[in-house]
Structures are given as C-alpha cells and as structure tokens.
Amino acid sequence: MSEKITVSVIKADIGSVAGHSTVPDEIKSLAEKKLSEAKEKGTIIDFRVFNAGDDLELVMTHRKGVDSEEIHGLAWEVFKACAERAKELKLYAAGQDLLKEAFSGNVRGLGPGVAEMEFTERPAEPIIVFMMDKTEPGAFNLPIFRMFADPFNTAGLVIDPSMHQGFRFEIWDIKEHKRVIMNSPEEMYDILALIGSKGRYVIKRVYPKEGGKLPADEPVAVISTEKLFEIAGEYVGKDDPVAIVRAQSGLPAVGEVLEAFAFPHLVSGWMRGSHNGPIMPVPFRYSKCTRFDGPPRVIAAGFQLCNGKLIGPVDMFDDPAFDYTRQKAMEICDYIRRHGPFEPHRLPHEEMEYTTLPKVLEKLETRFEKI
Ligand code: F6R
Ligand code: MG
Ligand code: MG
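All values derive from a computational prediction rather than experimental measurement.

Colleague: Outline the overall build of the protein, supporting the account with residue identities and numerical values.
Modeller: Broken down by element type, the protein carries nine helices and 15 strands. Computed over its C-alpha atoms, the radius of gyration of the protein comes to 20 Å, within 12% of the 21 Å expected for a compact globule of 371 residues. Structurally, the protein occupies a C-alpha span of about 75 × 50 × 40 Å along its principal axes. Within the span of the protein, comprising 371 residues, buried residues form 55% of the whole. Across the protein, the fraction of contacts at a sequence separation of at least 24, relative to all contacts at a separation of at least 6, is 68%.

Colleague: I'd love a proper account of the coordination of the magnesium ion (ligand 3), names of residues and values included.
Modeller: Only Asp 54 (OD), Asp 55 (OD), Asp 133 (OD) and Asp 240 (OD) from the protein reach the magnesium ion (ligand 3) as donors, at distances of 2.0 to 2.4 Å. Mapping the donors of the magnesium ion (ligand 3) onto the primary sequence gives the spacing D-D-x77-D-x106-D. The magnesium ion (ligand 2) is placed at 4.8 Å from the magnesium ion (ligand 3), the two being bridged by Asp 54. Of this pair, Asp 54 sits in the loop between β2 (46–52) and β3 (55–62) while Asp 133 sits in strand β5 (residues 125–133), and the two are 79 residues apart along the sequence. Across the pair, Asp 133 and Asp 54 agree in class, each one buried.

Colleague: Break down the sheet that holds strand β4 (residues 113–120) for me, with residues and values.
Modeller: Spatial ordering of the open sheet is given by β2-β3-β1-β4, a layout of four strands whose pairing is antiparallel. Sheet topology places β2 and β4 at the edges, where each strand pairs with a single neighbour. Each adjacent strand pair in this sheet contributes to an overall mean axis angle of 15°, direction not counted. Relative to β4, strand β1 (residues 4–12) runs antiparallel, the two being bridged by eight bridges. Bridging from a neighbouring strand, Ser 8 pairs with Glu 116 of β4. Taken strand by strand, helix α1 (residues 25–41) contacts β2 and β3, and its axis lies near 165° from that of β2. In the packing of helix α2 (residues 69–88) onto the sheet, the strands contacted are β1, β3 and β4, and the crossing angle to β3 comes to about 150°.

Colleague: How would you summarise the packing of aromatic side chains if you had to cite specific residues and measurements?
Modeller: Under the defined criterion, the tally for this structure stands at 10 aromatic pairs. Here the aromatic cluster, defined as three or more aromatic residues joined through ring pairs, consists of Phe 130, Phe 140, Phe 261, Phe 317 and Phe 322. A cation sits over an aromatic face here: Arg 246 above Phe 119, 3.9 Å from the ring centre. Cation over ring: Arg 272 sits above Tyr 354, and NZ or CZ is 5.0 Å from the ring centre.

Colleague: Would you mind going over the site of ligand 1 in detail, with residue names and values included?
Modeller: Taken together, His 20, Tyr 92, Lys 134, Trp 270, Met 271, Arg 272, Gly 273, Asp 293 and Tyr 354 make up all the residues around ligand 1. In the model, an oxygen atom of ligand 1 is placed 2.5 Å from a nitrogen or oxygen of the Asp 293 side chain. In the environment of ligand 1, an oxygen atom lies 2.3 Å from a nitrogen or oxygen atom belonging to the side chain of Tyr 354. Summarising the interface, the protein chains cover 75% of the accessible area of ligand 1, which totals 400 Å² for the free molecule. Partitioning the shell around ligand 1 into residue classes produces four nonpolar, two polar and three charged.

Colleague: With reference to specific residues and values, describe the nonpolar core.
Modeller: In this structure, Phe 130, Ile 144, Phe 148 and Phe 169 are the most contacted members of the largest nonpolar core, which totals 41 residues. Considering every element that reaches this core, the biggest residue donor is helix α3 (residues 141–149), with five residues. Excluding its chain neighbours within four sequence positions, the residues that come into contact with Phe 169 are Ile 144, Phe 145, Phe 148, Ala 149, Val 180, Ile 181, Met 182, Ser 184, Ile 191, Ile 203, Arg 205 and Val 206. Among the nonpolar cores identified, the runner-up in size contains 29 residues, and Ile 27, Ala 31, Ile 44 and Ile 71 belong to it.

Colleague: How would you summarise the pairing of β2 if you had to cite specific residues and measurements?
Modeller: Burial runs high along β2: six of the seven residues are buried. Direction of pairing for β2 relative to β3: antiparallel, over a ladder of seven bridges. By the bridge assignment, Asn 51 is partnered in β3 with Leu 56. Between β2 and β3, which pair antiparallel and follow one another directly, the connecting turn spans two residues, one of which, Gly 53, has a positive phi of 55°.

Colleague: Provide a residue-level description of unusual backbone geometry, including the pertinent values.
Modeller: Following Gly 294, the chain continues into Pro 295 via a peptide bond in cis, with omega recorded as -10°. By the element assignment, Pro 295 lies in the loop between β13 (280–281) and β14 (297–306). Cis geometry marks the peptide bond from Gly 312 to Pro 313, where omega comes out at 15°. Positive phi, close to 55°, is recorded for His 177, a residue that is not glycine. The backbone of Trp 270 sits at a positive phi, close to 50°, despite the residue not being glycine. Tracing the sequence through the fold places Trp 270 in the loop between β11 (266–269) and β12 (275–278).

Colleague: An account of the environment of Lys 370 is requested, with residue identities and associated values reported.
Modeller: Position of Lys 370 relative to the elements: it lies in the segment after α9 (357–364). Sequence separation between Lys 370 and Phe 292 is 78 residues, and the spatial gap between their C-alpha atoms is 39 Å.

Colleague: Describe the environment of Ala 93, with residues and values.
Modeller: With respect to the helices and strands, the residue Ala 93 is situated in the loop between α2 and β4. A relative accessible area of 23% means that Ala 93 is categorised as partly exposed. Along the sequence, Ala 93 and Ser 249 sit 156 residues apart, while their C-alpha atoms lie 43 Å from each other. When near neighbours in sequence (up to four residues on either side) are disregarded, Ala 93 contacts Ile 14, Gly 15 and His 20.

Basis of the calculations
Residues numbered from 1 in each chain as written. Chains lettered and ligands numbered in written order. Predicted model: local features only at pLDDT ≥ 70, side-chain atom pairs only at ≥ 80, totals over all residues. Heavy atoms only, no water. Helix = DSSP H or I, 4+ residues; strand = E, 2+ residues; numbered from the N terminus. Rg over C-alpha atoms; globule rule 2.2 N^0.38 Å. Buried < 20%, exposed > 50% of the residue type's maximum accessible area, 1.4 Å probe, protein only. Contact = heavy atoms within 4.5 Å. Donors = N, O, S within 2.8 Å, 3.2 Å for Na, K, Ca; no water. Pairing = 2+ DSSP bridges. Axes fitted to C-alpha atoms, helices over the stretch in contact; angles between N-to-C directions. Phe/Tyr/Trp six-rings, centres within 6.5 Å; stacked < 30°, edge-to-face > 60°. Lys NZ or Arg CZ within 6 Å of the ring centre and 35° of its normal. Near = heavy atom within 4 Å. Polar contact = N/O pair within 3.5 Å; in protein donor to acceptor, adjacent residues only side chain to side chain. Areas by Shrake-Rupley, 256 points an atom, 1.4 Å probe, with all protein chains shown as cover. Nonpolar A, V, L, I, M, F, W, Y, C, P; charged D, E, K, R; others polar. Core = buried A, V, L, I, M, F, W, Y, C linked by side-chain atoms within 4.5 Å.

What follows is the structure in structure tokens.
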C-alpha cells in the first residue's frame with residue numbers, strides 16, 4: 001500500500017467583479033504564483049486554483065495531514081495577498097471572508113471554508129472536488145446522501161458486492177456543535193430525519209464500513225461546514241461550501257457521484273443569502289452568478305491522484321448530459337422568482353441574511369391594536 005496523501009480544499013471570498021459575481025483572472029494568477037512557490041519549496045505536492053462564483057478556491061495536495069498549521073497558514077497567506085490586490089483594484093467586498101487580522105495556526109474559525117481528508121492513495125484514485133456558490137453547507141446533504149445511501153441514485157449499493165454493506169455518515173449539529181455517526185442503510189430513516197433540516201444538521205464526512213475494500217477509518221467524502229455567522233458572533237453571510245468525494249472500486253462510480261446533481265434541488269442562499277432557489281451544475285466557464293445574483297451553482301473538478309500529483313482537472317459538468325438539468329433549474333428559477341418577497345422563495349425570517357423587519361415592527365409599535 002502506498003503512503004497517505006492529504007487533499008485540502010480551502011476557500012474564501014476575498015473580493016469579486018462585478019459585485020459578487022466572479023473572481024478576476026488576475027487574482028487567480030496571483031494565487032497560482034504563490035502556490036507554485038510553495039510547491040517548489042516542497043510544502044505542497046500539487047495544487048489547482050478555481051473560482052466558484054465570487055469564491056477563490058485552493059485545491060492542494062500534501063503529506064502534512066488535516067488541520068496542518070503549515071498548509072492552513074499557506075492558504076491564509078495566499079488569501080491575504082489576493083485580498084490586498086483586490087483592495088488595490090477596488091474589487092467588490094475585498095477581503096470579506098478574512099474576518100480576523102492575524103492567523104493563529106488554523107483557518108477554522110477565521111472565515112475561510114475547509115474540506116480536507118487524509119487517506120491511503122489507492123492504485124487508481126479518482127476524486128471529484130465540488131465547489132458551490134450562493135448557498136450553504138446543507139446544500140450538500142441531499143446529493144451526498146443520494147451518492148452514498150440512495151439505491152435509486154447509486155446502482156452499486158444494490159448490485160456491487162463491495163458496496164452492498166453501505167456507508168457511515170458523520171453528521172454535525174452546527175448550532176449545538178456536536179456530532180453523531182450513523183449507519184446506512186440500517187438507520188436511513190433516522191439519518192433523513194436529521195439531514196432534512198439542512199440549515200442545522202449537515203453531513204460532514206462519509207466513511208466506509210469495516211470489512212470492505214477501503215480502510216474504515218479513512219473518509220471517502222468530506223464537506224466544509226464552517227458557518228460564518230458563528231465565527232463573527234453575528235450573521236455575516238452564508239458560507240458557500242465545498243466537498244471532496246472519492247469514487248470507484250468499492251465507492252460510488254464517478255457517474256453515480258455526478259448523477260446526484262442531475263436534479264436541481266432547492267437550496268437556500270441566492271440573492272442576499274435570503275432566498276431559496278435551485279442549484280445549477282455548470283461548467284467552469286459559467287461559474288459566475290448573474291441572474292438575481294445566482295442562481296446558486298456548483299462546479300465539479302475531476303482528478304486522478306498520482307502519488308499526490310493532480311492529474312486533471314476535468315470539467316465534469318461541461319457536458320450536454322446536464323443541459324436538461326440546467327434547463328429545469330431555469331424553469332424553477334422563473335417559477336420561484338415570481339413569488340418575489342413571499343416565502344418560500346424568500347427564506348423564513350430567522351434564516352435571512354438581510355432583514356428590515358425589526359425596524360418595521362418598531363415603527364409600527366404604537367399602531368398595532370389588540371384583536
Ligand atoms: C449572496 C451575495 C449577494 C449579496 C448582494 C447584496 O451571498 O453575496 O447576493 O448579498 O449582492 O450585496 P451588498 O449588500 O454587498 O450590496
Ligand atoms: Mg462575495
Ligand atoms: Mg460566494
């Protein structure tokens with residue numbers, strides 16, 4: 001067996017053009033330059049830089065494990081340099097996700113989002129990195145469940161002897177800061193009872209079960225769950241999430257992993273982080289949020305790992321096979337947009353990122369009569 005590799009995806013919104021739509025090439029090139037230097041020094045094995053809408057995404061491979069001070073520190077330095085340039089260019093919301101000035105060992109709790117996992121690289125190791133904009137971590141609940149637990153999505157759960165035993169889900173309660181590990185299919189209905197509340201219970205990791213082809217203590221999927229409002233002590237924005245999913249040979253096939261996005265399910269975020277809308281899978285070139293600052297989108301970068309080197313990316317949603325999903329998403333957009341300021345297009349009051357309600361109520365206080 002080969003050595004353990006860590007894949008880290010660390011992201012932050014450090015400024016965008018025009019408004020919150022996309023990250024300019026100049027900023028991505030600057031991030032690439034900084035990461036090339038780190039690669040030359042041997043800090044990381046390999047890297048790729050993407051943007052998901054207004055978020056700058058660093059995909060890095062290394063041998064330093066998860067929560068490495070060196071790797072998180074590197075990401076922080078890259079974001080800081082990019083935010084500085086963004087400020088010079090007067091990009092929109094320059095530095096928005098760098099909530100604290102000083103780095104203290106780990107980006108967790110600082111503002112950037114993180115998905116990372118350490119595992120033994122298999123003889124052939126396909127991974128897909130999903131990056132979303134204008135939504136929240138719970139947006140991954142439905143597709144991750146479908147990949148690893150729904151036999152109507154993943155044929156292998158039924159017909160592949162190496163997957164038939166199912167998977168284990170690590171679920172976080174992001175309000176109470178606690179987690180639980182649950183088994184599928186045995187506890188499938190209980191899992192759904194939690195993760196259907198996607199603003200509160202989010203899938204953090206998926207593990208194989210004992211006795212399968214893969215080590216049971218090494219994750220096969222991981223999702224970022226940082227919540228910016230808890231970090232700043234007040235609501236400062238939805239945290240556009242990322243996920244890493246391993247595939248094939250005892251795991252869902254790449255096509256089963258992608259199939260989970262063929263249905264443009266409703267997620268919360270979109271305009272002002274305060275609306276429900278469909279998540280639209282798009283090629284990299286369409287990773288910019290336009291209509292009503294959206295709709296929420298997801299890109300997928302496919303790789304093979306080669307001793308930590310990234311072979312790829314392949315732009316997985318750059319395929320007419322997803323045209324129908326995109327068309328459907330736009331029909332849903334048109335339909336739901338016509339609700340304007342009404343729920344369920346607008347989020348329930350407690351979940352909105354922007355609200356005038358307290359002020360309106362204050363103004364009307366003396367005019368309200370008992371009924
Ligand atoms: C949503 C998002 C945008 C902004 C909107 C208003 O996550 O980033 O939809 O909320 O463009 O932005 P401000 O308040 O900066 O004018
Ligand atoms: Mg932004
Ligand atoms: Mg964003």
